[in-house]
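Residues per chain are reported as follows:
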Amino acid sequence: MSQAPELINEARCFGGWQRTYRHASTRCNSTMQFAVYLPPAADQARVPALYWLSGLTCTEENFSVKAGAQRYAAELGIALVIPDTSPRGLGLAGEDDDWDFGSGAGFYLTATEAPWAGHYDMYGYVAEELPALVEATLPLLPGVRSISGHSMGGHGALTIGLKHPERYRSISAFAPICAPMRCAWGRKAFSRYLGEDHARWREYDASWLAEHRPCGHTLLVDQGTADPWLAEQLLPEELERACAASGQPLELRRQLDYEHGYFFVASFIGEHLRFHQAALSEE
């Protein structure tokens, strides 16, 4: 049995509880924080969970405060599990130098290069350690999960979901980094965390995975047409091409005039939660 995480704070929200926890992570060899929303239904029975992965510079607070997801989660009986985006305060050289690398920018991978290896394992943390912890200590249904995220977190949701379709009932993303091997954000992160072996890079590229390892789940992706990062960093056309080549089911919705931030996420989060609830409620 996992040691119970330490409760930092809690607040009533739509009849449920919004909480923040911290715990000692073995995957990241550090203290990590995460947020959880438990809907009213969790007072009576175990509930399914949506894991939300946030984007560059975010903590576990951004989605909790800005997305307005609790209203829908309360109605649908879904818990929200929201990890931080990286380890923090480790004293590693360069961890706080750039907004798009290091602290707040873990890229949901397992770093292999010094000084990041042994700490920056957000892939193992999200895919293995955190679910085991919260399902052992909170009223969540074991193994009944879905995954979603935004921007860098959308990249994480797609890659983790594609690699482990047996662990997640459904997969969605908002403005994901679809082809990190082809954009500056991804190349910077991958070269420093993973070195120059591009075989390692492919394991964390959603477009490559969709083309070479398709899964049966439909990928629901929303992308704003006024997103300033669309053309150079996000590259949804690469994911579209890859899915068409392999037959990977994809519902890519281009949302007219929407930008990149949480106004965009808040506008469609209810639709995503209903999409996930349909999968989470299947026997």
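See the structure printed just above.
The paragraphs below set out a description of the structure included in this document.

Overview of the overall build of the chain
Point 1. Regarding its fold elements, the chain presents ten helices and nine strands.
Point 2. Here the C-alpha atoms of the chain give a radius of gyration of 17 Å, agreeing with the 19 Å that 2.2 N^0.38 yields for 283 residues.
Point 3. A principal-axis box enclosing the C-alpha atoms of the chain has dimensions of 50 × 40 × 30 Å.
Point 4. Burial statistics for the chain: of 283 residues in total, 57% are counted as buried.
Point 5. For the chain, restricting intrachain contacts to residue pairs at least 6 apart in sequence, the fraction spanning at least 24 positions comes to 72%.
Point 6. If you sum the accessible surface of the chain, you get close to 11100 Å²; carbon and sulfur atoms cover 49% of it.
Point 7. With 23 positive and 35 negative side-chain charges, the chain shows a separation of 3 Å between the mean positions of the two kinds.

Here we look at the nonpolar core
Considering soluble globular proteins, one finds that nonpolar side chains tend to be buried as a cluster.
Point 1. Of all hydrophobic cores here, the largest spans 88 residues; its most connected members are Phe63, Leu80, Phe107, Leu140, Ile147, Ile160 and Tyr193.
Point 2. If you tally residues by element for this core, the top one is helix 3 (residues 122-137), at eight residues.
Point 3. Setting aside chain neighbours within four positions, we find Phe107 in contact with Leu56, Asp100, Met152, His155, Ile177, Trp185, Gly186, Ala189, Phe190 and Tyr193.

Focus: helix 3
Point 1. The axis of helix 3 is deflected most strongly, by about 40°, at Glu129, and proline Pro131 appears within four residues downstream.
Point 2. Of all 16 residues in helix 3, twelve are buried; the element is thus mostly enclosed.
Point 3. Every buried residue belonging to helix 3 is among Met122, Tyr123, Gly124, Tyr125, Val126, Ala127, Glu129, Leu130, Pro131, Leu133, Val134 and Glu135, and all of these are buried.
Point 4. If you follow the buried residues of helix 3, they end up packed against strand 2 (16-25), strand 3 (30-38), strand 4 (47-53), strand 5 (79-83), strand 6 (140-149) and helix 4 (152-163).

What to know about the pairing of strand 3
If a strand is regular, its side chains alternate between the two faces of the sheet.
Point 1. Burial analysis of strand 3 places seven of its nine residues in the buried class, the great majority of the element.
Point 2. Summarising the sheet, strand 2 and strand 3 pair through nine bridges and their orientation is antiparallel. Counted as the bridge partner of Tyr21 is Phe34 from strand 3.
Point 3. The sheet contact formed by strand 3 and strand 5 spans four bridges and is antiparallel. Counterpart to Val36 in the pairing with strand 5 is Val81.

Points about the packing of aromatic side chains
Point 1. The tally for this structure, following the rule as stated, stands at 17 aromatic pairs.
Point 2. Taking 5.4 Å as the distance between ring centres and 20° as the angle between the ring planes, the aromatic pair formed by Tyr21 and Phe34 counts as stacked. In this pair, Tyr21 is assigned in strand 2 and Phe34 in strand 3, connecting sequence segments 13 residues apart.
Point 3. Exposure remark for Tyr21: the relative accessible area of 6% places this residue in the buried category.
Point 4. With a relative accessible area of 0%, Phe34 lands in the buried category.
Point 5. Among the aromatic side chains, those forming a connected cluster through ring pairs are Trp52, Phe63, Phe174, Tyr258, Phe264 and Phe268.
Point 6. In this structure, Lys163 packs its charged tip against the face of Tyr204, placed 4.6 Å from the ring centre.
Point 7. Seen from the ring of Phe101, Arg192 lies directly overhead, with NZ or CZ sitting 5.1 Å from the centre.

Some remarks on the packing of helix 2 (residues 69-76) against helix 10 (residues 262-280)
Point 1. Put simply, helix 2 and helix 10 touch, their axes get as near as 9 Å, and they point 30° apart. Classified by the angle between their axes, helix 2 and helix 10 sit roughly parallel to one another. The two elements helix 2 and helix 10 cross, and the hand of that crossing is right-handed. Each of Ala69, Tyr72, Ala73 and Leu76 in helix 2 lies in contact with helix 10, whose residues at this interface are Ile269, Gly270, Leu273, Arg274 and Gln277.
Point 2. For the contact of helix 2 with helix 10, the class distribution of residues is six nonpolar, two polar and one charged.

Structural notes on the side chain of Gln18
Point 1. Here Gln18 lies in strand 2.
Point 2. Classification of Gln18 by relative accessible area gives buried; the value is 13%.
Point 3. Here Gln70 takes part through its side chain, which lies 2.9 Å from a polar atom of the side chain of Gln18.
Point 4. In this structure Gln18 touches Asn9, Glu10, Ala11, Cys13, Ala35, Val36, Tyr37, Ser64, Gln70 and Ile82, once residues within four positions along its chain are discounted.

What counts, and where the lines are drawn
Residues numbered from 1 in each chain as written. Predicted model: local features only at pLDDT ≥ 70, side-chain atom pairs only at ≥ 80, totals over all residues. Heavy atoms only, no water. Helix = DSSP H or I, 4+ residues; strand = E, 2+ residues; numbered from the N terminus. Rg over C-alpha atoms; globule rule 2.2 N^0.38 Å. Buried < 20%, exposed > 50% of the residue type's maximum accessible area, 1.4 Å probe, protein only. Contact = heavy atoms within 4.5 Å. Areas by Shrake-Rupley, 256 points an atom, 1.4 Å probe, with all protein chains shown as cover. Lys, Arg positive; Asp, Glu negative; His and termini not counted. Charge placed at Lys NZ, Arg CZ, Asp CG, Glu CD. Core = buried A, V, L, I, M, F, W, Y, C linked by side-chain atoms within 4.5 Å. Bend = angle between axes of the 7 residues up to and from the residue. Pairing = 2+ DSSP bridges. Phe/Tyr/Trp six-rings, centres within 6.5 Å; stacked < 30°, edge-to-face > 60°. Lys NZ or Arg CZ within 6 Å of the ring centre and 35° of its normal. Axes fitted to C-alpha atoms, helices over the stretch in contact; angles between N-to-C directions. Parallel < 35°, antiparallel > 145°, perpendicular 65-115°, else oblique. Left-handed = near helix turned anticlockwise from the far one by under 90°. Nonpolar A, V, L, I, M, F, W, Y, C, P; charged D, E, K, R; others polar. Polar contact = N/O pair within 3.5 Å; in protein donor to acceptor, adjacent residues only side chain to side chain.

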